[in-house]
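A closer look at the structure
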Amino acid sequence: MGEIRRIPHCSHWGAYTILVEDGKIVGVEPFEHDPAPSPIIESVAEWAKPDRRVLQPMVREGWLEKRQASNGAQRGNDRFVPVSWDEATTLVAGEIRRVAETYGNASIFAGSYGWTSCGRFHHASTLLKRMLNLVGGFTRHVDTYSIAAGPVILRHTLGDDGACSGDTNTLASIAQHSETLVVFGALSPRTAQNEAGGIAIHSLEGNLRKLAARGTRIVLVSPLKDDMPDWAGAEWWPIRPNTDTALMLGLAGEIVHAGRQDLDFLERCTSGFEQFVAYLDGRDDGTRKDAQWAATLTGLDAGMIRQLAGQLVDTRSMLTVSWSLQRAHHGEQPFWAALGLASIIGQIGLPGGGVGFGYGSLGGVGAPLNLAKSPAISSLRRPIDSFIPVARISDMLLHPGETFTYEGEQYPYPDTRLVYWAGGNPFHHHQDINRLSEAWSRPETIIVQDPMFTATAKRADIVLPANTSIERNDLAGNKRSDFIIAMGQAIASLGDSRSDFDIFNAISDKLGVAELFNEGRDEMGWLRHLYEITRKDATERLSFQMPEFDLFWEKGYAACPVETEHSYLAQFREAPLDHKLGTESGKIVLGSSRLAALGYDDCLSHPAWIEPAEWLGNAIDPLMLHLISHQPAGRLHSQLETGKASMASKRNGREQVRIHPDDAASFGIRDGATVKLWNQRGACLAAASLDEMVRPGVIVLPTGAWFTPTGNSGLDIAGNPNVLTLDIGTSSFGQGCSAHTCLVRIEPYEGDAVNAMEFYHNSITALAANQGS
């Protein structure tokens, strides 16, 4: 037995130490300062297994023969041919040059979106954009699948999207000052275990325990009782999905009708509030927005709504709104309505008061604010500004030349000939995957760069094997984390995989821009450079001393300067004329002249209840249930699906769908049985899990199962909910994804339910039979 090496590392779900003996991972230990480490850290050893890895560069047989004239519909069916790195990078560089010269750089879509690594240097999508910006540019995406409609409406009504990206009341302030906490959506360690740039300290649980110990009244508004831990003592209000906006408006209406709105705050700090109040009174549509009106739409008790409205004014009150609420048709409205309700209450800018968005959605929202510059490699200046909203990929591929609207402007969809996807899996996170499959056949060439043979990699023309974060050096850190973490290389690269930086550097060399791409630095040179930028900023601007790079790298982490207690918009509240917001009025916008001029019927000039395309209130078939497709507990998105934490939530190699026992009885479904979920968009299998924590009329199927269609029917046997979800924009203004607006049918499955994970592994073997030869 050899000596055990201890390698500091970090992933999206936390910091940890990897124990390595004789080149193999033998254990993982959580970060010493983390009070609530994620169980997902125990799964990272899965990355060292070759079963689902791409081990060498591969090219689809049909594309290799006919290039851009090949049949794109055969993606996912044609076998792959192994090639050398020299041939692969020559092919990739040639395609970039061909498409740019023939059709223009806007025909290259590099809106690559993914969470492959939390490392700030080997950040695949940033490095891809850096390379392409050096050769004329590309079409990019704006916003994210996690949050799009929300930041769009907040940029318009608050002047920026800081309220949903971490610049909001800190959890420490809420734990100390809030007397009434209303949680719209979730406040759960399940989602708070992850953070985009890595996280060192998981603080949500500790702050929730402080709230519970203080006796703060907590109201959980969610179809799922376990969207907060049971020990928090929250009251569960099992709302009908997609009706949170109606509840917010009903609460605001009750306060206004009682004459208890904070007129001083409304007049000093908001604009258009008269229009909003007129809507609540029903002067425009004849419908008074009050507790009874809200109860009819939400399925909640009118008396409880009325009582809560009074308490929100009588006590220091905080509203939290999950990112998930804006991932629905008209998803702008719950964010805007929450802002409207908080303005009516009048406590925005006070410690523990007001409204915040995204608590629990990521681990860093509400954490101490990192005041120093975050380390990150630059994607460089964009030569062109061609873009699409992030969730409009299928529309772009299916409808080149047609137009879309975004934030009040009109833009064309580019004629996409080349797609380069690095470090992401749209066949996991995009809605209506069967529609995406059709769109995916349209481009002339698709390049996928990934460590794993994901469903997206299987449908590529050229596959480039990137290594995982444990096979290279990097560093983690972001504005929502109070540490920078060293990410040391733990094991050698598997197969012929390479780091993302090395791959893009090789392609840049063939494109003639390598010197501009690498700036004369290798991997460790870049890490030292990025860290020193942060350290210098902390010293010169904040008088905060961070250790020099060598000491940081040896220790494995460095603390950053932070602000522990922060009240969002405190200065604005005190002097709104001196601290104007970047809005049309310089104030919080509750009635928008810009939106009034646009005249959209799906995003009005004030917060409003607008009926979604699919919901339980208009189900054509009374047997349909509302599908919630939230984040899984045992993995991040589709990462580490075969890991220990992920497998603990599966049965027979497929995802479990949670259903209330009364609904299960009415459909003849027993616990553990294989069931079929279906609607007009697609169908998938899952294992039934009977659960009283789920509201009747609702079922829950987590995202992240690797898309595994079978036979001519295309039935997904793994339990991927995005074969069922709706692929429409949230509105003409925001164009976010509408995943949580989805009705489905469910029934016992009588067919042959093969093990999904074994089936997927066999499909990789068939497509890449020559891998490693």
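Everything in this summary refers to the structure shown in the same document. (Residues numbered from 1 in each chain as written. Predicted model: local features only at pLDDT ≥ 70, side-chain atom pairs only at ≥ 80, totals over all residues. Heavy atoms only, no water.)

Pairing between sheet strands relies on hydrogen bonds along the backbone, with the strands arranged either parallel or antiparallel. Pairing is antiparallel across the open sheet formed by 3 strands, whose spatial order is S21-S22-S23. The sheet terminates laterally at strand S21 (474–476) and strand S23 (557–559), the two strands that pair on one side only. Put simply, the sheet's adjacent strands are angled 15° from each other on average, direction ignored. The pairing of strand S22 (residues 483–487) with S23 spans 3 bridges and is antiparallel. In the strand pairing of S23, isoleucine 484 is matched with alanine 558. Contacting S21, S22 and S23, helix H20 (residues 523–542) crosses the sheet at an angle of about 25° to S21. (Pairing = 2+ DSSP bridges. Helix = DSSP H or I, 4+ residues; strand = E, 2+ residues; numbered from the N terminus. Axes fitted to C-alpha atoms, helices over the stretch in contact; angles between N-to-C directions. Contact = heavy atoms within 4.5 Å.)

Positioned with a positive phi, histidine 330 is a non-glycine residue whose angle comes to about 65°. Along the chain, histidine 330 falls in the loop between strand S12 (317–321) and helix H13 (332–345). Its relative accessible area of 6% is what places histidine 330 among the buried residues. Of note, glutamate 519 is a non-glycine position whose phi angle comes to about 55°, a positive value. Here glutamate 519 is to be found in the loop between helix H19 (514–518) and H20. (Buried < 20%, exposed > 50% of the residue type's maximum accessible area, 1.4 Å probe, protein only.)

In this structure, threonine 730 sits in the loop between strand S33 (715–716) and strand S34 (743–748). Judged by relative accessible area, threonine 730 falls into the buried class, the value being 0%. A distance of 3.4 Å separates a polar side-chain atom of threonine 730 from the backbone nitrogen of glutamine 735. Within polar-contact distance, the side chain of threonine 730 engages the backbone nitrogen of glycine 736 at 2.9 Å. When sequence neighbours within four positions are dropped, the list of residues in contact with threonine 730 reads Ala149, Gln326, Ala328, His329, His330, Gly331, Glu332, Gln735, Gly736, Cys737 and Ser738. (Polar contact = N/O pair within 3.5 Å; in protein donor to acceptor, adjacent residues only side chain to side chain.)

A word on the nonpolar core. If you look at the biggest cluster of nonpolar residues, it comprises 167 residues, and the most contacted ones within it are Phe184, Ile588 and Leu677. Sort the elements by how many residues they give to this core and H13 lands first, with 9 residues. Discounting chain neighbours no more than four positions away, the residues touching phenylalanine 184 are Val221, Asp244, Leu247, Met248, Leu251, Leu319, Thr320, Val321, Ser322 and Leu325. Leu91, Ile503, Phe504 and Leu530 belong to the second-largest nonpolar core, a separate cluster that totals 49 residues. (Core = buried A, V, L, I, M, F, W, Y, C linked by side-chain atoms within 4.5 Å.)

Below, the discussion takes up the packing of aromatic side chains. Using the criterion set out here, one finds 26 aromatic pairs in the structure. Seen from their ring centres, phenylalanine 80 and phenylalanine 453 are 5.7 Å apart, and the 50° between their planes marks the pair as tilted. Of this pair, phenylalanine 80 sits in strand S5 (residues 80–82) while phenylalanine 453 sits in the loop between strand S19 (445–450) and helix H17 (455–458), and the two are 373 residues apart along the sequence. You'll find phenylalanine 80 and phenylalanine 453 in the same group, each marked buried. Each residue in the set Phe109, Trp421, Phe427, Trp440 and Phe707 is aromatic and connected to the rest through ring pairs, giving one cluster. Its guanidinium or amino end placed over the ring of phenylalanine 517, arginine 130 lies 5.7 Å from that ring's centre, counting from NZ or CZ. When the ring centre of tryptophan 293 is taken as origin, the NZ or CZ atom of lysine 289, which lies over that ring, is 5.9 Å away. (Phe/Tyr/Trp six-rings, centres within 6.5 Å; stacked < 30°, edge-to-face > 60°. Lys NZ or Arg CZ within 6 Å of the ring centre and 35° of its normal.)

Spatial strand order, S1-S2-S3: 3 strands in an open sheet with antiparallel pairing. Whereas interior strands pair on both sides, the edge strands pair on one side only; in this sheet they are strand S1 (4–11) and strand S3 (24–30). Here the average twist between neighbouring strands, direction ignored, is 30°. As defined by bridge partners, strand S2 (residues 14–21) adjoins S3 across 6 bridges and the pair is classed as antiparallel. Within S3, the position partnered with threonine 17 by the bridge is glutamate 29.

This next bit is on the side chain of asparagine 720. Tracing the backbone shows asparagine 720 in the loop between S33 and S34. At 3.4 Å, the side chain of asparagine 720 forms a polar contact with the backbone oxygen of phenylalanine 427. Those residues in contact with asparagine 720, other than ones at most four positions away along the chain, are Phe427, His428, Ile433, Cys684, Leu701, Ala705 and Phe707.

For the rest of this paragraph, the subject is the packing of helix H8 (residues 244–257) against helix H11 (residues 291–298). Between H8 and H11, the least distance of the axes is 8 Å, while the angle of their chain directions is 170°. If you check the angle between H8 and H11, you find them roughly antiparallel. In this structure, H8 uses Ala246, Leu247, Leu249, Gly250 and Glu254 to contact H11, whose residues at the interface are Ala291, Trp293, Ala294, Leu297 and Thr298. Here the contact of H8 with H11 is composed, by residue class, of 7 nonpolar, 2 polar and 1 charged. (Parallel < 35°, antiparallel > 145°, perpendicular 65-115°, else oblique. Nonpolar A, V, L, I, M, F, W, Y, C, P; charged D, E, K, R; others polar.)

Looking now at the pattern of salt bridges. Counted by the stated rule, this structure contains 47 salt bridges. Two residues, glutamate 195 and arginine 480, come together in a salt bridge whose shortest N-O distance is 2.8 Å. With glutamate 195 in the loop between helix H6 (189–192) and helix H7 (204–214) and arginine 480 in the loop between S21 and S22, this residue pair connects regions lying 285 residues apart in the sequence. No difference in accessibility class separates glutamate 195 from arginine 480, as the two residues are buried. The network of salt bridges with shared partners includes Arg52, Arg635, Glu641, Lys650 and Glu655. (Salt bridge = Lys/Arg side-chain N within 4 Å of Asp/Glu carboxyl O.)

Buried residues dominate S19, accounting for 6 of its 6 residues. Side-chain alternation along S19 places Thr445, Ile447 and Gln449 on one buried face and Ile446, Val448 and Asp450 on a second face that is also buried. The sheet contact formed by strand S18 (residues 418–422) and S19 spans 5 bridges and is parallel. Each bridged residue has a counterpart across the sheet, and for valine 419 the counterpart in S19 is isoleucine 446.

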